[in-house]
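# Understanding the architecture of this molecule
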Amino acid sequence: MSITLQQLTQALGAELHGDPAQPIHKVNTLDKAGPGEVAFLTDGKYRHLLEHTQAAAVILRAEDKDACPVASLVMADPYLGFALAAQALDTTPAPAVDVHPSAVVAKSATLGKGVAIGANAVIESGVVLEDGVIIGPGCFVGKNSRLGARTKLWANVTIYHGVTFGSDCLVQSGAVIGADGFGYANNKGEWIKIPQLGGVVIGNRVEIGACTTIDRGALEDTRIADNVIIDNQCQIAHNVEIGYGTAMAGGTIMAGSLKVGKYCIIGGASVFNGHMEICDGVTITGMAMVMRPITEPGVYSSGIPLQPNKEWRKTAARVMRIDDMHKRLSQLEKKLNNND
């Protein structure tokens, strides 16, 4: 795939300094880019690489333009430029083209214009696939689910019954949306299953990573708002609600009925207790354990950073003695107070 520098400039909304007819076929790093490739400079610590770059053009800020020995695309946010350039030059193949003869599509399913369904996919009764939906090979879409326009499923995605997607969503392979939440009653030691009667409602422009699971609600729906991005291997339990623009890194676990606000950033391998709320604008650093509600925006962390094993063993031993140390300190404080 190749486009001209002028076409790329228009896609980025940048200011071009160079030959508009220059063909560009790939995005690469400053130190690895060669002829016909566009690079980008987002961090000042890499500015020294600019002098020797072999790229055909570089996406950069205005203050770096004069130091650039090749064509430049000037914009306020070069990292956004990188993202837009990668989209413009994307060569990722579609998960499916047309409807494969081996796909099983119920007669009552509704398919919009340009829908593609891959080999061995199953589309059950009452399903609605709006215009431009792409279903990869081996996918299952359960009864009465609805996928909005241009939503795309990669291979082997499972969508249970009664799940609703908005438009322009992307679901990576192995994800499971709408499985039963973890709901049981205990009758004298015997677990009695509680049927999960809610659904899952996912907004527009939501991306869901590989092997992530989002459980259906117990009575009401699990809800993921617009513009949410969820990484690989995350677990979102029943009746969780995630607000607009929130981003969640891999391995995060959310217990049931958690409510997460808008524009939150959640680091990988974080764990959240259920039945509580996280306010808007919260950043959780990786491997955090969030057991209480958060009511003020800001950055929150927990856990012990990595140490050499001998130091960690000492730290762990001291942690185990905290209760004893607290009792001894309380006794000393009492003695001091009595002496006063």
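Every value quoted in this text rests on a predicted model; they were computed, and no experiment measured them.

Reading the values: rules and limits
Along each chain, residues carry numbers from 1 onward, in the same order as the chain's sequence is written. In keeping with the predicted nature of the model, local features appear solely for residues at pLDDT of at least 70, side-chain atom pairs appear and are counted solely at 80 or more, and the whole-chain, interface and lining totals rest on all residues. Remark: hydrogens and water are excluded; side-chain values derive from all non-hydrogen atoms of the structure. Only DSSP runs of H or I reaching four residues or more are called helices, and only runs of E reaching two or more are called strands; each is numbered from the N terminus. Computation of the radius of gyration draws on C-alpha atoms alone. For the globule rule, the value is 2.2 Å times the number of residues to the power 0.38. Relative accessible area decides the class of each residue, using a 1.4 Å probe on protein chains only: under 20% of the type maximum gives buried, over 50% gives exposed, and in between gives partly exposed. Two residues form a contact once any of their heavy atoms are found within 4.5 Å. Where accessible areas are quoted, they stem from the Shrake-Rupley method and a 1.4 Å probe; at the residue level, only the protein chains shown are allowed to cover. Positive: Lys, Arg. Negative: Asp, Glu. His and the chain ends are not part of the count. To locate a charge, take NZ of a lysine, CZ of an arginine, CG of an aspartate or CD of a glutamate. For this analysis, a ring pair means two rings from Phe, Tyr or Trp (six-membered ring only for Trp) whose centres lie within 6.5 Å, classed as stacked if their planes differ by under 30 degrees, edge-to-face if by over 60, and tilted for the remaining angles. In this description, strands pair whenever DSSP reports at least two bridges between them. The patches described consist of residues with a relative accessible area above 30% and no salt bridge, like charges being joined within 9 Å and nonpolar side chains (Val, Leu, Ile, Met, Phe, Trp, Tyr) within 5 Å. Salt bridge, as used here, is a side-chain nitrogen of Lys or Arg placed within 4 Å of a carboxyl oxygen of Asp or Glu. The disulfide criterion is simple: two cysteine sulfur atoms within 2.5 Å. Between N-to-C directions, angles span 0 to 180 degrees; the directions come from axes that are lines fitted to C-alpha atoms, helices contributing only their stretch in contact. With respect to orientation, any angle under 35 degrees is reported as roughly parallel, any angle over 145 as roughly antiparallel, any angle of 65 to 115 as roughly perpendicular, and every other angle as oblique. With the far helix as reference, a near helix turned anticlockwise by less than a right angle produces a left-handed crossing, and one turned clockwise produces a right-handed crossing. Each residue is assigned to one class: nonpolar for Ala, Val, Leu, Ile, Met, Phe, Trp, Tyr, Cys and Pro, charged for Asp, Glu, Lys and Arg, and polar for all the others, Gly among them.

## Focus on the overall build of the chain
In terms of helices and strands, the chain carries four helices and 38 strands. Taken over the C-alpha trace, the chain has a radius of gyration of 26 Å; the compact-globule value for 340 residues is 20 Å, which it surpasses by more than 25%. For the chain, the spread of C-alpha atoms along the three principal axes comes to 85 × 60 × 35 Å. Each of the 340 residues in the chain was classed as buried or not, and the buried ones make up 39%. Summarising the internal contacts of the chain: among those between residues at least 6 apart in sequence, 17% fall at separations of at least 24. Working note: accessible area of the chain is about 18,800 Å², and carbon and sulfur atoms make up 54% of it. If the 29 positive side-chain charges of the chain are averaged to one point and the 33 negative ones to another, these points end up 9 Å apart.

## Points about the packing of aromatic side chains
In the structure shown here, the tally under the stated rule is four aromatic pairs. Measuring from ring centre to ring centre gives 4.2 Å for Phe-40 and Phe-82, while their planes differ by 15°; the resulting arrangement is stacked. Of this pair, Phe-40 sits in strand E5 (residues 37-40) while Phe-82 sits in helix H2 (residues 78-88); the two residues are 42 residues apart in sequence, bridging distant segments of the chain. Classification of Phe-82 as partly exposed rests on a relative accessible area of 24%. Relative to Tyr-263, the ring of Tyr-244 lies with its centre 5.7 Å away and its plane at 70°, an arrangement referred to as edge-to-face. Within this pair, whereas Tyr-244 is found in the loop between strand E29 (241-242) and strand E30 (247-248), its partner Tyr-263 is found in the loop between strand E32 (259-260) and strand E33 (265-266), the two being separated by 19 residues in sequence. Accessibility expressed as a relative area gives 29% for Tyr-244, which makes it partly exposed. Through a chain of ring-to-ring contacts, three or more aromatic side chains come together here, namely Phe-40, Tyr-79 and Phe-82.

## Quick look at the pairing of strand E20 (residues 176-179)
Pairing of strand E17 (residues 158-159) with E20, which is carried by two bridges, proceeds in the parallel orientation. By the bridge assignment, Thr-158 is partnered in E20 with Val-176. Sheet topology note: the E20/strand E25 (residues 213-215) ladder contains three bridges and is parallel. Looking at E25, one finds that Ala-179 is bridged to Asp-215.

## Some words on a positive patch on the surface
A contiguous patch of positive charge on the surface is contributed by Lys-310, Lys-314, Arg-318 and Arg-321. Inspection of the secondary structure puts Lys-314 in helix H3 (residues 309-320).

## Some remarks on a nonpolar patch on the surface
On the surface, Ile-304, Trp-312, Val-319 and Ile-322 cluster together into a nonpolar patch covering about 390 Å² of accessible area. Position of Ile-322 relative to the elements: it lies in helix H4 (residues 322-339).

## Quick word on the sheet that holds strand E13 (residues 134-135)
With parallel pairing, 10 strands are arranged side by side in an open sheet as E10-E13-E16-E19-E24-E27-E30-E33-E36-E38. Each edge of the open sheet is held by one strand with a lone partner, namely strand E10 (116-117) and strand E38 (298-300). Here E10 pairs with E13 via two bridges, running parallel. Along E13, the bridge assignment pairs Ala-116 with Ile-134.

## What to know about the state of the cysteines
With the rule as written, the count across this model stands at zero disulfides. The cysteine Cys-139 is free of any disulfide, with Cys-211 supplying the nearest cysteine sulfur at 13 Å.

## A word on the packing of helix H1 (residues 5-12) against H2
Where H1 contacts H2, the two axes come as close as 9 Å, and the packing angle between them is 125°. As summarised for this structure, H1 and H2 are arranged oblique, according to the angle between their axes. Crossing of H1 over H2 shows right-handed handedness. Together, Leu-8, Ala-11 and Leu-12 of H1 and Gly-81, Leu-84, Ala-85 and Ala-88 of H2 make up the contact between the two elements. A per-class count over the contact of H1 with H2 returns six nonpolar, one polar and no charged.

## What about unusual backbone geometry?
Most peptide bonds take the trans configuration, and most residues that are not glycine carry a negative phi. Although it is not a glycine, Cys-211 adopts a positive phi angle of roughly 60°. Tracing the backbone through its elements, the reader meets Cys-211 in the loop between strand E24 (207-208) and E25. A positive phi angle, near 55°, is found at Tyr-263, a position not held by glycine. For Tyr-263, a relative accessible area of 52% translates into the label exposed.

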